[in-house]
Amino acid sequence: MADLSWLKLKEAVGRCRKCPLWETRNNVVFGEGPEDSSVLLVGEAPGAEEDSSGRPFVGRSGRFLTDLMAEAGLKREDLFISNVVHCRPPGNRNPKKGEIKACLHWLEDIVGLLRPQVVVTVGNVPSQAIMDTKEGISTLRGRFHRGSLGGMDLAVRPIFHPAYLLRNRSREEGRPVASTLEDLRALVDFVRTTS
Ligand code: URA
C-alpha cells in the first residue's frame, strides 16, 4: 500500500473481503501491541474468543502462551501480536492455502510499518508461510532461521502452538512445554543482545 499508516492499514484490513472468511467473521483481528515493538508474534488465525473480541490470543491457548511468556521474562504488552489470517476460519479449522495467500500481504504491510528485529511464528501455519517450507514445527523449533516478508529479511524463531501445549502439559525436560520455555528464553537473549 502506498503512503501507509497504521490507521489506514487497520481500516483497510477491517474492510477486507479478499477471501470468503469475511462472510462468517464477527470481527477482523488485526493485531495489537506497541507500534515500535522489536518482536512480532504471528499466530495462525483467530479462534472463537478472538473473533468475538477482535483481539489476538485472548482465548484459552492465548492465555496459556501469555503465562509461558511471562515465565520466560517476556511481557505480552511489549510484543506486537498478529496472525497469518485475520478472520476466523469456521469451526477453528486450519486456514486454507488460498486464504493464507489472500491475507499474507496484510502481514507484509504490518512488517513494513513495524520493522521488527525478530518474528516469532506460532505453530506450523505461520512458520511454513513465512519461511516458505514444508518442514514441521518439531523440526523447525529450537533455533533461529532467516525468513522474508514484504521484501524484509527477518530473524524467525518458531515455537509450538499453545493449543498443542495444552494437550501436552508435562513440564519435563525435552517435552514441548520445556522446549517452548527454552525458545522464549532464547528470544529474550536475542532481543537483549541485538538491540
Ligand atoms: N489465537 C490467535 O489469535 N491465533 C492463534 O493462532 C491461536 C489463538
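Now for a description of the structure that goes with this document. Every chain is numbered on its own, with residues counted from 1 as its sequence reads. Local features in this predicted model are restricted to residues whose pLDDT is 70 or higher, and side-chain atom pairs enter the listing and the counts only when it is 80 or higher, whereas totals over whole chains, interfaces and linings include all residues. The side-chain quantities take in all heavy atoms of the structure and omit both hydrogens and water.

Next up on the list: the overall build of the protein chain. Scanning the protein chain for helices and strands turns up 8 helices and 5 strands. Here the C-alpha radius of gyration of the protein chain, 16 Å, is about what a compact globule of 195 residues would show, namely 16 Å. With the C-alpha coordinates aligned to their principal axes, the bounding extent of the protein chain is approximately 45 × 35 × 30 Å. Under the scheme applied here, a residue whose accessible area is under 20% of the maximum for its type counts as buried, over 50% as exposed, and between as partly exposed, the area being computed with a 1.4 Å probe on protein chains only. Counting only residues that meet the buried cut, the protein chain has 52% of its 195 residues in that class. Residue contacts follow a heavy-atom distance rule, with two residues in contact if any of their heavy atoms lie within 4.5 Å. Within the protein chain, contacts between residues separated by at least 24 positions form 69% of all contacts whose residues are at least 6 apart in sequence. Where helices and strands are cited, they refer to DSSP runs of H or I of at least four residues and of E of at least two residues respectively, numbered from the N terminus. Throughout, the radius of gyration refers to the C-alpha atoms, and the reference size of a globule is 2.2 Å times the residue count to the power 0.38.

The subject of this paragraph is the nonpolar core. Note that soluble globular proteins tend to have their nonpolar side chains buried in a common cluster. Side-chain atoms within 4.5 Å are what join buried Ala, Val, Leu, Ile, Met, Phe, Trp, Tyr and Cys residues into a set we call a nonpolar core. Leu40, Leu107 and Ile110 are the most contacted members of the largest nonpolar core, which totals 34 residues. Sorting the residues of this core by element identifies helix H1 (6-14), strand S1 (39-43), helix H4 (97-114), helix H5 (124-131) and strand S5 (152-159) as the ones contributing at least two each. Here this core takes 9 residues from H4, the largest share from any one element. If we ignore the near neighbours within four places in the chain, the residues touching Ile110 are Trp6, Leu9, Phe30, Leu40, Phe80, Ser82 and His86. Ranked by size, the runner-up nonpolar core spans 27 residues in total, among them Phe57, Leu79, Ala155 and Leu166.

A word on the environment of Val111. Looking at the element boundaries, Val111 is found in helix H4. A residue is classified by how much of its surface remains accessible, and Val111, at 1% relative accessible area, is buried. For the pair formed by Val111 and Met152, sequence separation is 41 residues and the distance between their alpha carbons is 7.8 Å. Residues contacting Val111, with those up to four places away along its chain left out, are Leu40, Pro116, Leu149, Met152 and Leu154.

The periodicity of an α-helix, 3.6 residues per turn, causes residues three or four positions apart to be oriented the same way. Helices are assigned an expected span. That span is 1.5 Å times one less than the residue count. An ideal rise of 1.5 Å per residue puts 27 Å on 19 residues; helix H8 (residues 176-194) measures up with 27 Å between its terminal C-alpha atoms. Of the residues making up H8, those classed as buried are Pro176, Val177, Ala178, Ser179, Thr180, Leu181, Asp183, Leu184, Leu187, Val188, Phe190 and Val191. Turning to H8, the residues buried within the fold contact S1, helix H3 (60-72), strand S3 (118-122), S5 and helix H7 (162-167).

Angles shown run from 0 to 180 degrees and are taken between the N-to-C directions of axes, each axis being a line fitted to C-alpha atoms and, for helices, limited to the stretch in contact. Taken N-terminus to C-terminus, the directions of H1 and H4 make an angle of 170 degrees; their axes are 11 Å apart at the nearest point. Relative to H4, the element H1 is oriented roughly antiparallel. Contact residues: H1 offers Trp6, Leu9, Ala12 and Val13, while H4 offers Trp106, Asp109, Ile110, Leu113 and Leu114. Each residue is assigned to one class: nonpolar for Ala, Val, Leu, Ile, Met, Phe, Trp, Tyr, Cys and Pro, charged for Asp, Glu, Lys and Arg, and polar for all the others, Gly among them. Across the contact of H1 with H4, the residue classes tally to 8 nonpolar, no polar and 1 charged. An angle counts as roughly parallel when it lies under 35 degrees, as roughly antiparallel when it exceeds 145, as roughly perpendicular when it falls between 65 and 115, and as oblique in every other case.

This part is about the packing of aromatic side chains. Stacked, edge-to-face and tilted are the three classes for Phe, Tyr and Trp ring pairs, Trp counted by its six-membered ring, which pair at centre distances within 6.5 Å; planes under 30 degrees apart are stacked, over 60 edge-to-face, the rest tilted. On inspection of all chains with the given rule, the structure shows 5 aromatic pairs. Note on Trp6 and Phe30: the rings are 6.3 Å apart at their centroids and 90 degrees apart in plane angle, and the pair reads as edge-to-face. Here Phe30 lies in the loop between H1 and S1 and Trp6 lies in helix H1, a separation of 24 residues in the sequence. As far as burial versus exposure is concerned, Trp6 and Phe30 are alike and both buried. Between the aromatic rings of Phe30 and Phe80, the centroid separation amounts to 6.4 Å while the plane-to-plane angle is 85 degrees, which identifies the pairing as edge-to-face. Placement of the pair is Phe30 in the loop between H1 and S1 and Phe80 in strand S2 (residues 80-83), with a sequence separation of 50 residues. Exposure class is identical for Phe30 and Phe80. Each is buried.

Geometric values such as these leave the question of function open.
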